[in-house]
Amino acid sequence: STPLRLYHGADDTYIPVSMSETMFANFKTKGVPDTKIQLVIIPGADHTTAITTVALDTILWFLGLK
């Protein structure tokens, strides 16, 4: 019942974005509703440059959870 948000830099060369896409698809296959899971792909970001965007977005997301 806990919401989950997956983040991935679109240009990540260490861990391909397909890994997050597969994980997201597996959660959906198991019946996790759209209201409980989200995949956020950060355009132009790689494994390290996505960190600031992910950190700030995560804080804002947590603050918005009820």
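Because the structure is predicted, anything quoted here is derived from the model rather than measured. (Residues numbered from 1 in each chain as written. Predicted model: local features only at pLDDT ≥ 70, side-chain atom pairs only at ≥ 80, totals over all residues. Heavy atoms only, no water.)

Sorry, what's going on with a nonpolar patch on the surface here?
A cluster of nonpolar residues, L4, M23 and F27, forms a patch on the protein surface that exposes about 220 Å² of accessible area. On the basis of relative accessibility, which here comes to 39%, the residue M23 falls in the partly exposed class. (Patch = residues over 30% accessible without salt bridge, like charges linked within 9 Å, V, L, I, M, F, W, Y side chains within 5 Å. Areas by Shrake-Rupley, 256 points an atom, 1.4 Å probe, with all protein chains shown as cover. Salt bridge = Lys/Arg side-chain N within 4 Å of Asp/Glu carboxyl O. Buried < 20%, exposed > 50% of the residue type's maximum accessible area, 1.4 Å probe, protein only.)

Where do I start with the pairing of strand β1 (residues 4-9) in this structure?
Regular strands place side chains that alternate from one sheet face to the opposite one. The element β1 is extensively covered by neighbouring structure, given that five of its six residues are classed as buried. Where β1 lies against strand β2 (residues 37-42), six bridges are found, and the strand directions are parallel. Paired with G9 across the strands is I42, a residue of β2. Read as a crossover between parallel neighbours, the route from β1 over helix α1 (residues 17-29) to β2 is right-handed. (Helix = DSSP H or I, 4+ residues; strand = E, 2+ residues; numbered from the N terminus. Pairing = 2+ DSSP bridges. Right-handed = clockwise from strand over helix to strand, strands pointing away.)

Could you clarify how one ought to interpret the environment of S20 in this entry?
Along the chain, S20 turns up in helix α1. Sequence-wise, S20 and V40 are 20 residues apart; in three dimensions their C-alpha atoms are separated by 9.3 Å. Every residue in contact with S20, bar those within four places of it in the chain, is listed here: L6, Y7, H8 and L39. (Contact = heavy atoms within 4.5 Å.)

What is the right way to read the pattern of salt bridges from this model?
When the charged atoms of two side chains lie near each other, side chains of opposite charge can form a pair. Using the criterion set out here, one finds two salt bridges in the structure. With a closest N to O distance of 2.9 Å, D57 and R5 form a salt bridge. Of the two residues, D57 is situated in helix α2 (residues 51-64) and R5 in strand β1; the sequence distance between them amounts to 52 residues. Accessibility expressed as a relative area gives 28% for D57, which makes it partly exposed. K28 serves as the salt-bridge partner of D34, at 2.3 Å between the closest nitrogen and oxygen. For D34, a relative accessible area of 60% translates into the label exposed.

Help me understand the environment of P33 in this model?
The topology assignment puts P33 in the loop between α1 and β2. Judged by relative accessible area, which is 40%, P33 ranks as partly exposed.

Honestly, the side chain of H8 in this entry has me stumped. Any pointers?
Tracing the sequence through the fold places H8 in strand β1. Residue classification places H8 among the buried residues on the basis of a relative accessible area of 7%. In this structure the side chain of H8 is engaged in a polar contact, spanning 2.7 Å, whose partner is the backbone oxygen of I15. Every residue in contact with H8, bar those within four places of it in the chain, is listed here: I15, P16, V17, S20, V40, I41 and I42. (Polar contact = N/O pair within 3.5 Å; in protein donor to acceptor, adjacent residues only side chain to side chain.)

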